[in-house]
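Chain and residue survey
Below, each chain spelled out in residue letters.
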Amino acid sequence: MPRSESIRPPRPRGLLLTSALCIMVGWAGVLGAAREISFYRADAIEEPPRVRTMDSREQEALLEYFRAERRIRNQAGRVRIPLAVANLLLSGLLVFAASRTFAGRASGRSLALQALMANGLLAVVSYVLTREMRGELVPVIVQYMMSVVKNPGNVPEQELRSAFTSAVWSGFRVQLVALLALYGVSGWVLSTEAARAYFVEEDEPTEDDEEA
């Protein structure tokens, strides 16, 4: 007879939250990877439409940023394409595994732990392998920010450029740390004794149960 829900241990604290966050991050990874693959498969990329609220200077800055960003991504295709495919597969695995743990399925725990480890490893490998691309992309982002952001209080241009550069690099690092922190906390929640007890497999049916 299957284990009674009335005697099942309580759900571990934080399980619903970490599972839901992993589902959202997984779907974001799937969509981002799909867009990345579509970008490299496209014969041509349309330029962004003109924005009515932008003046001609801001519109030209946006177009220059768009073209430079696409050129850098094209040059990094040899690295980015395999990473995008891996991200698509592992993000999908994370969504599937986290959905099972969210629903309290016993088989979801071990699968979720493997998915978390694989996605964490991919995040680190991707960060390392795309450092050169980020190094080329940061000046392009900073130049666009310099073009559209008003100088607060007559700050020297070099000082403002340095602040923007530091902020962009910090943004990349924070994104990686936040992602690894989510994976780490989720793995810890699933590795506790409470989680092991909660996700215990259902009892095997006995001969008497089968006859009944």
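The preceding data block contains the structure.
Residues numbered from 1 in each chain as written. Predicted model: local features only at pLDDT ≥ 70, side-chain atom pairs only at ≥ 80, totals over all residues. Heavy atoms only, no water.

Quick notes on the overall build of the protein chain
Counting secondary structure elements, the protein chain contains eight helices and zero strands. Reading the helices (α) and strands (β) of the protein chain from amino to carboxyl end gives α-α-α-α-α-α-α-α. Evaluated residue by residue, the protein chain yields a buried proportion of 33% over its 212 residues. Within the protein chain, counting contacts between residues at least 6 apart in sequence, those at least 24 apart form 78% of the total. If you sum the accessible surface of the protein chain, you get close to 13,600 Å²; carbon and sulfur atoms cover 59% of it. (Helix = DSSP H or I, 4+ residues; strand = E, 2+ residues; numbered from the N terminus. Buried < 20%, exposed > 50% of the residue type's maximum accessible area, 1.4 Å probe, protein only. Contact = heavy atoms within 4.5 Å. Areas by Shrake-Rupley, 256 points an atom, 1.4 Å probe, with all protein chains shown as cover.)

Examining a nonpolar patch on the surface
A contiguous nonpolar patch, built from V79, L121, V124, V125, V128, L129 and L180 and spanning about 550 Å² of accessible area, is present on the exposed surface. Broken down by element, the residue count for the nonpolar patch peaks at five residues, all from helix α4 (residues 108–129). With respect to the secondary-structure elements, V125 resides in helix α4. Here V125 falls in the partly exposed class, since its relative accessible area comes to 34%. (Patch = residues over 30% accessible without salt bridge, like charges linked within 9 Å, V, L, I, M, F, W, Y side chains within 5 Å. Salt bridge = Lys/Arg side-chain N within 4 Å of Asp/Glu carboxyl O.)

A look at the nonpolar core
Grouped together as the largest cluster of nonpolar side chains are 18 residues, with contacts concentrated most on V138, V142, V168 and F172. Contributions of two or more residues to this core are made by α2 (56–75), α4, α5 (131–148) and α6 (157–191). Ranked by residue count, the leading element in this core is α5, at seven residues. Once you skip the residues sitting within four places of it in the chain, V138 turns out to touch T165, V168, W169 and F172. In this structure, C22, L94, A98 and Y183 belong to the second largest nonpolar core, which totals 17 residues. (Core = buried A, V, L, I, M, F, W, Y, C linked by side-chain atoms within 4.5 Å.)

What to know about the packing of helix α1 (residues 15–41) against helix α3 (residues 77–102)
Orientation of α1 relative to α3, taken along the N-to-C sense of each, is 150°, at an axis distance of 7 Å. Taken together, the axes of α1 and α3 lie roughly antiparallel to each other. As for the relative orientation of α1 and α3, their crossing is left-handed in sense. By residue class, the composition of the contact of α1 with α3 is 19 nonpolar, nine polar and two charged. (Axes fitted to C-alpha atoms, helices over the stretch in contact; angles between N-to-C directions. Parallel < 35°, antiparallel > 145°, perpendicular 65-115°, else oblique. Left-handed = near helix turned anticlockwise from the far one by under 90°. Nonpolar A, V, L, I, M, F, W, Y, C, P; charged D, E, K, R; others polar.)

Brief notes about α4
For α4, built from 22 residues, the straight-helix expectation of 32 Å at 1.5 Å per residue is met to within 8% by its first-to-last C-alpha distance of 31 Å. If you check which residues of α4 are buried, you get G108, R109, A112, L113, A115, L116, N119, G120, L122, A123, S126 and Y127. Where the residues of α4 are buried, they touch α1, α3, α5, α6 and α7 (193–198). (Expected span 1.5 Å × (residues − 1).)

Some thoughts on the packing of α1 against α6
A packed helix pair is summarised by two numbers, namely the angle formed by the two axes and the spacing between the axes. Here α1 crosses α6 at 140°, and the two axes come no closer than 10 Å. The angle between α1 and α6 places the two elements in the oblique class. The hand of the α1/α6 crossing is left-handed. In this structure, α1 uses L15, T18, L21, C22 and V25 to contact α6, whose residues at the interface are L179, L182, Y183, V185, S186, V189 and L190. Its residues assigned to classes, the contact of α1 with α6 shows ten nonpolar, two polar and no charged.

Notes on the pattern of salt bridges
Pairing between side chains of opposite charge can happen when their charged atoms approach one another. The tally for this structure, following the rule as stated, stands at six salt bridges. The salt bridge involving E69 is made with R70; its shortest N-O contact spans 2.1 Å. Given a relative accessible area of 10%, E69 falls into the buried group. We note a salt bridge from E193 to R196, for which the minimum N-O separation is 3.1 Å. With E193 and R196 both in helix α7 and three residues apart, the pair spans about one turn of that helix. Salt bridges here are not isolated pairs; linked through shared partners, they connect E36, E69, R70, R73 and R80.

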